[in-house]
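Coordinate inspection notes
Given next are the chains, with one letter for each unit.
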4 protein chains.
Amino acid sequence: MISKEHNILFAAEKLFSEKGFEKTSTREISREANVNISMISYYFGSKENLLVSLFDMRMAESQSFLDEILIRQDINEWQKISLIIDRYTSRVRELKVFYNILQTEQLTNKNEQIIKYLKNSKLGYLKVYEDLAKQGFENKIFKLRPNIALLHATLIGTMFYAMNGLPMYKEYYKKTASDTTFDDNYYAELNIHIKQVLKNLLGYEEN
Amino acid sequence: MISKEHNILFAAEKLFSEKGFEKTSTREISREANVNISMISYYFGSKENLLVSLFDMRMAESQSFLDEILIRQDINEWQKISLIIDRYTSRVRELKVFYNILQTEQLTNKNEQIIKYLKNSKLGYLKVYEDLAKQGFENKIFKLRPNIALLHATLIGTMFYAMNGLPMYKEYYKKTASDTTFDDNYYAELNIHIKQVLKNLLGYEEN
Amino acid sequence: MISKEHNILFAAEKLFSEKGFEKTSTREISREANVNISMISYYFGSKENLLVSLFDMRMAESQSFLDEILIRQDINEWQKISLIIDRYTSRVRELKVFYNILQTEQLTNKNEQIIKYLKNSKLGYLKVYEDLAKQGFENKIFKLRPNIALLHATLIGTMFYAMNGLPMYKEYYKKTASDTTFDDNYYAELNIHIKQVLKNLLGYEEN
Amino acid sequence: MISKEHNILFAAEKLFSEKGFEKTSTREISREANVNISMISYYFGSKENLLVSLFDMRMAESQSFLDEILIRQDINEWQKISLIIDRYTSRVRELKVFYNILQTEQLTNKNEQIIKYLKNSKLGYLKVYEDLAKQGFENKIFKLRPNIALLHATLIGTMFYAMNGLPMYKEYYKKTASDTTFDDNYYAELNIHIKQVLKNLLGYEEN
DNA sequence: CATGAATGAGGGTTCATTCAT
DNA sequence: GATGAATGAACCCTCATTCAT
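Residues numbered from 1 in each chain as written. Chains lettered and ligands numbered in written order. Predicted model: local features only at pLDDT ≥ 70, side-chain atom pairs only at ≥ 80, totals over all residues. Heavy atoms only, no water.

Attention now goes to the overall build of chain A. What chain A contains, in helices and strands, is ten helices and zero strands. Sequence-ordered secondary structure for chain A, helices as α and strands as β, is α-α-α-α-α-α-α-α-α-α. Along the first, second and third principal axes, the C-alpha set of chain A runs to 60 × 40 × 35 Å. Here chain A holds 207 residues, and 52% of them are scored as buried. Sequence separation of 24 or more characterises 68% of the internal contacts of chain A that already satisfy a separation of 6 or more. Carbon and sulfur atoms provide 50% of the accessible area of chain A, an area that totals close to 10,500 Å². Looking at charge distribution, chain A has the averaged site of its 28 positive side-chain charges lying 2 Å from that of its 27 negative ones. (Helix = DSSP H or I, 4+ residues; strand = E, 2+ residues; numbered from the N terminus. Buried < 20%, exposed > 50% of the residue type's maximum accessible area, 1.4 Å probe, protein only. Contact = heavy atoms within 4.5 Å. Areas by Shrake-Rupley, 256 points an atom, 1.4 Å probe, with all protein chains shown as cover. Lys, Arg positive; Asp, Glu negative; His and termini not counted. Charge placed at Lys NZ, Arg CZ, Asp CG, Glu CD.)

This brings us to the relation of the copies chain D and chain C. Superposing chain D onto chain C takes a rotation of 180 degrees combined with a translation of 0.0 Å along the rotation axis, leaving an RMSD of 0.2 Å. A rotation of that kind, with that shift, is consistent with a two-fold axis. Across chain D, the smallest distance between a C-alpha and the rotation axis is recorded for D:Gly157, namely 1.9 Å. With an isologous cut-off of 70% or more, the 100% of interface residues of chain D that recur at the interface of chain C puts this contact in the isologous class. (Least-squares fit on C-alpha atoms with pLDDT ≥ 70 in both.)

Contacts between chain D and chain C engage 39 residues on the former and 39 residues on the latter. For the pair chain D and chain C, the two sides together bury roughly 3,600 Å², of which 66% comes from carbon and sulfur. Three residues stand out in chain D for area buried against chain C, namely D:Leu107, D:Leu150 and D:Tyr161, and they jointly supply 21% of the buried area on that side. The tally of links from chain D across to chain C stands at two salt bridges. One salt bridge in this structure joins C:Glu171 and D:Lys119, with 3.0 Å as the shortest N-O distance. Linking chain D with chain C are ten residue pairs in polar contact (both at pLDDT 80 or more). Those elements that provide at least two residues to the side of chain D that touches chain C are helix 7 (96-108), helix 8 (112-138), helix 9 (148-172) and helix 10 (180-202) of chain D. (Buried area = accessible area lost by both parts, 1.4 Å probe. Salt bridge = Lys/Arg side-chain N within 4 Å of Asp/Glu carboxyl O. Polar contact = N/O pair within 3.5 Å; in protein donor to acceptor, adjacent residues only side chain to side chain.)

Its rotation angle being 180 degrees, the transformation that places chain A on chain B also includes 0.0 Å of axial translation and leaves an RMSD of 0.2 Å. Most of the interface of chain A is mirrored in chain B: 100% of its interface residues are interface residues there too.

It is the contact of helix 9 (residues 148-172) of chain C with helix 8 of chain D, at a shortest axis distance of 12 Å, that shows an interaxial angle of 90 degrees. Regarding the angle of helix 9 of chain C to helix 8 of chain D, the classification is roughly perpendicular. Taking contact as the criterion, the partners of C:Tyr161, C:Gly165, C:Met168, C:Glu171 and C:Tyr172 in helix 9 of chain C are, on helix 8 of chain D, D:Leu118, D:Lys119, D:Lys122 and D:Leu123. Of the residues that constitute the contact of helix 9 of chain C with helix 8 of chain D, the class distribution is five nonpolar, one polar and three charged. (Axes fitted to C-alpha atoms, helices over the stretch in contact; angles between N-to-C directions. Parallel < 35°, antiparallel > 145°, perpendicular 65-115°, else oblique. Nonpolar A, V, L, I, M, F, W, Y, C, P; charged D, E, K, R; others polar.)

What follows is about the UniProt feature "DNA-binding region" (unreviewed entry) in chain A. Mapped onto the present numbering, the UniProt feature "DNA-binding region" (unreviewed entry) falls at residues 25-44 of chain A. Split by type, residues 25-44 of chain A is 75% helix and 0% strand. Its first and last C-alpha atoms lie 15 Å apart. (UniProt positions renumbered as here; feature names shortened; annotations may be inferred.)

Here we take up the packing of aromatic side chains. Using the criterion set out here, one finds 62 aromatic pairs over all chains in the structure. Ring geometry for B:Tyr42 versus B:Tyr43: centroids 5.4 Å apart, planes at 70 degrees, classification edge-to-face. Taking relative accessible area as the criterion, B:Tyr42 reaches 61% and is therefore assigned exposed. A ring pair is formed by D:Tyr169 and D:Tyr186, whose centres lie 5.3 Å apart and whose planes are at 50 degrees; its orientation type is tilted. Taken together, the residues D:Tyr169 in helix 9 and D:Tyr186 in helix 10 connect sequence positions 17 residues apart. Just as D:Tyr169 is buried, D:Tyr186 falls in that class too. (Phe/Tyr/Trp six-rings, centres within 6.5 Å; stacked < 30°, edge-to-face > 60°.)

Once that is clear, we can look at the protein's contact with DNA strand E. For DNA strand E, the set of nearby residues contains 31 residues, the closest of which are B:Ser38, B:Met39, C:Tyr42, C:Tyr43 and D:Lys47. Protein-proximal atoms of DNA strand E, defined as those within 4 Å of the protein, fall in sugar or phosphate at a share of 59%. Backbone polar atom of A:Thr26 to a phosphate oxygen of DNA strand E: 2.8 Å apart, as the coordinates give it. Among the elements of the structure, helix 2 (26-33) and helix 3 (38-44) of chain A, helix 3 (38-44) of chain B, helix 3 (38-44) of chain C together with helix 2 (26-33) and helix 3 (38-44) of chain D are those that each provide at least two residues to the surface near DNA strand E. Residue composition of the surface near DNA strand E, by class: eight nonpolar, 17 polar and six charged. (Near = heavy atom within 4 Å.)

Glycine aside, the phi torsion of most residues is negative, and most peptide linkages are trans. In this model, B:Lys140 sits at a positive phi of 65 degrees, which is unusual for a non-glycine residue. Under the relative-accessibility criterion, B:Lys140 is labelled exposed at 72%. In this model, C:Asn34 sits at a positive phi of 60 degrees, which is unusual for a non-glycine residue. C:Asn34 gets classed as exposed once you look at its relative accessible area, which sits at 70%.

The subject of this paragraph is the protein's contact with DNA strand F. Lining the immediate environment of DNA strand F, one finds 32 residues, of which A:Tyr42, A:Tyr43, D:Ser38, D:Met39 and D:Tyr42 sit closest. Each atom of DNA strand F within 4 Å of the protein belongs either to a base or to sugar and phosphate, the latter forming 61%. Contact between DNA strand F and B:Thr24: a phosphate oxygen at 3.4 Å from a main-chain N or O atom of the residue. Taking C:Lys47, its main chain carries an N or O atom lying 2.8 Å from a phosphate oxygen of DNA strand F. The class makeup of the residues in the surface near DNA strand F is eight nonpolar, 17 polar and seven charged.

What follows covers the pattern of salt bridges. For side chains of opposite charge, pairing can occur when their charged atoms come near one another. All names here are of chain D. In the structure shown here, the tally under the stated rule is 52 salt bridges over all chains. The partner of lysine 14 in a salt bridge is glutamate 32, with the nearest N and O atoms 3.1 Å apart. You can see lysine 14 sitting in helix 1 (residues 4-19) and its partner glutamate 32 sitting in helix 2, a full 18 residues away along the chain. Among the residues examined, glutamate 32 registers a relative accessible area of 39% and is labelled partly exposed.

As a further point, take the interface of chain A and chain B. Taken residue by residue, the interface counts 39 residues in chain A and 39 residues in chain B. When chain A packs against chain B, the two sides together hide about 3,700 Å² of surface, and 67% of this comes from carbon and sulfur. Three residues, A:Leu107, A:Leu150 and A:Tyr161, lead the burial of chain A against chain B; their summed loss comes to 21% of the area buried on that side. Linking chain A with chain B are two salt bridges. At the boundary of chain A and chain B, one finds ten residue pairs in polar contact (both at pLDDT 80 or more). Going through the elements one at a time, helix 7 (96-108), helix 8 (112-138), helix 9 (148-172) and helix 10 (180-202) of chain A are the ones with two or more residues in the side of chain A that touches chain B. Per-element accounting of the side of chain A that touches chain B gives the leading share, 17 residues, to helix 9 of chain A. For the side of chain A that touches chain B, a count of residues per class yields 16 nonpolar, 15 polar and eight charged.

With that settled, the discussion passes to the side chain of B:Glu28. Residue and element names in this part refer to chain B. Counting through the fold element by element, glutamate 28 comes out in helix 2 (residues 26-33). Note on glutamate 28: relative accessible area 18%, which makes it buried. Of the polar contacts made by the side chain of glutamate 28, one reaches the side chain of lysine 19; its length is 2.4 Å. The contacts of glutamate 28, once residues within four sequence positions are left out, are Leu15, Lys19 and Lys23.

Structural data, given as structure tokens:
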């Protein structure tokens, strides 16, 4: 049996994503999670802190996967970048709901803890790209040395914007929301697209 | 003297951008706009409709500029795309406050009217890119025929993500918030970056 | 027609006296005052501030009466003290409900504004007694120079304790709560008693 | 090791005195007493009953001391009254915290048990004073037969009002809260003052 | 046409207490 | 006997909106 604490967390994630943090009431969360309303304060202290706890959980999950890739000796810099994109794409797709919240918070939230998470996450990625781009350039794999901040903006921006646009896209092509084959193709194309853009920016040419 | 109606509209735009739609109360708007609180319902019917009115105003402003560019006969397809990017970049920078709201609404809002605006806007751009890409390809200016939806995602996604990231970026480089020279350079670099990415995607080569 | 603002104030005074500030809910006040619950925040900002507003009103009322007595030239120091006791006794009896709140707040409240009121009120009385005692002594009306703080403690303490004890006293003598003749006698005796105690302390002898 | 039951009782006494009964939550009490929150209901049944238990303890302590004085044959009526004042003053000072609660409850509480305690206590004192005043008058020690209820009001009222006023008094004279020498003098003066007032009321003259 | 007093619903949170373990 | 997770009621307050003037 899943604990009440987790029920609340998942119910909140769902509702925050659907309606936004402010529009979601603690009463709705408690209803969705099938717990008494006062359990939210009991476990998390406040609605605000429930959001932070959600970030705690999700950000902790994604903590390690960068390092795992970086330490590998069996693949070159481009393969590492390629792997990061693969992992990030699938993670974003899998946790669409959470990343929707993350984007909203990035735009409006003033919560210190969350800002810290977002900042650390971003700086972590920038550092990784910086190192890989530099090494790849030194190893003659990459011919160009692009602005890393803008490269990152393009990578993340494309992914998020494409993800957000999918429902409208499906509606436009009259696909049902549950058509996962369409989604599979869409994300596959997106993945290839992003890699192509990055290849161009880094001056990487497949042999 | 600017009308009370406009005062409310501009006050709302500012506050919605700073705090989000939900967190902004009609009381605050009325205070910021120096009008009585009931004026909001009086002029706009509801807080919800005030947001729609804001979109009415801003979207109407940006309606025409695409057409102006498209009908020009003196420039080629790349130059047209280049011009669109220039205009859009400067508009987004100028109306940062509004586009912050737009992004948030894109993520959470269920307001039909606003969804319609966003959809129309997006489809309009897609149509334009589609036509320009096709013509450019036929005219041998572009060598490639990329997925337009993803090209647009990259264009808009990069621009928004880069725009949102600017404050953090400035903080990182210990620049003051009012340092507009830094901003000028940043947006200039962004502009070049986006154009480079599009050149690559379209297979455009400067002679 | 009495204003809603005043209705709330009087309802609050009654309930705070009967049940204490904490035990009185804003719902009860609104019910007693026949106004919507949100009017309390509307007019007074908060429940806390409603209490302060009550003190504002009552303390403002009692501001002046000391001065009126002091400036009189037609009566001597003892007569002035005697008059102060008369006025204060009748005021405390009349505003029994408010002075009940005042005593409670004196014991527990941490509200700055109220503490300030109580302090100022007390210091005002001490100053008056000090001056009258000194002048009366110089004018050979009083033979003794007692500790003024303790004299005040006896005066106020006796009055409040006697006032608080009246219901139990009446119950003990099997009087109905509405028997005002009993009250009249009680307060008359109390008045004489207090004056006698003060005469003794000041060394005043009626000729 | 002191029992958890006592820990709760003492923690409650402290907090009730500082913040009032209503403003003190069971959570705070449990935290202060270092016990689980449910222990309060477990041991005392309810928060209300915890207060009653506190009165049980403190009132039981003060039960006997009156009798001890009364049965003494070696001292006269005035000396007995004098002794009662001494004992009561030192007890009130020692249990300042409890007597603060007692005063507050006297003003607001509707708890039957507590009302009974207060009534019994008061009637006990009145009976004692009545007897001593009568005997002393018959024995020609006292020349006057004052209203005993008002005499008691003056005695208790002065003591409580003076006690409550001490912190403000010290602040006024810029003494630190921990200056016990000041307190010693203050209570000594208070003791003498009360005795003087009673001497006057009873018509007692030291030989 | 414009106002501001007034509304009722709902917000997040805290409360004393209970009950399965 | 002792625990702490869990409860539901009630708390004060703010909200967007209305309506008599």
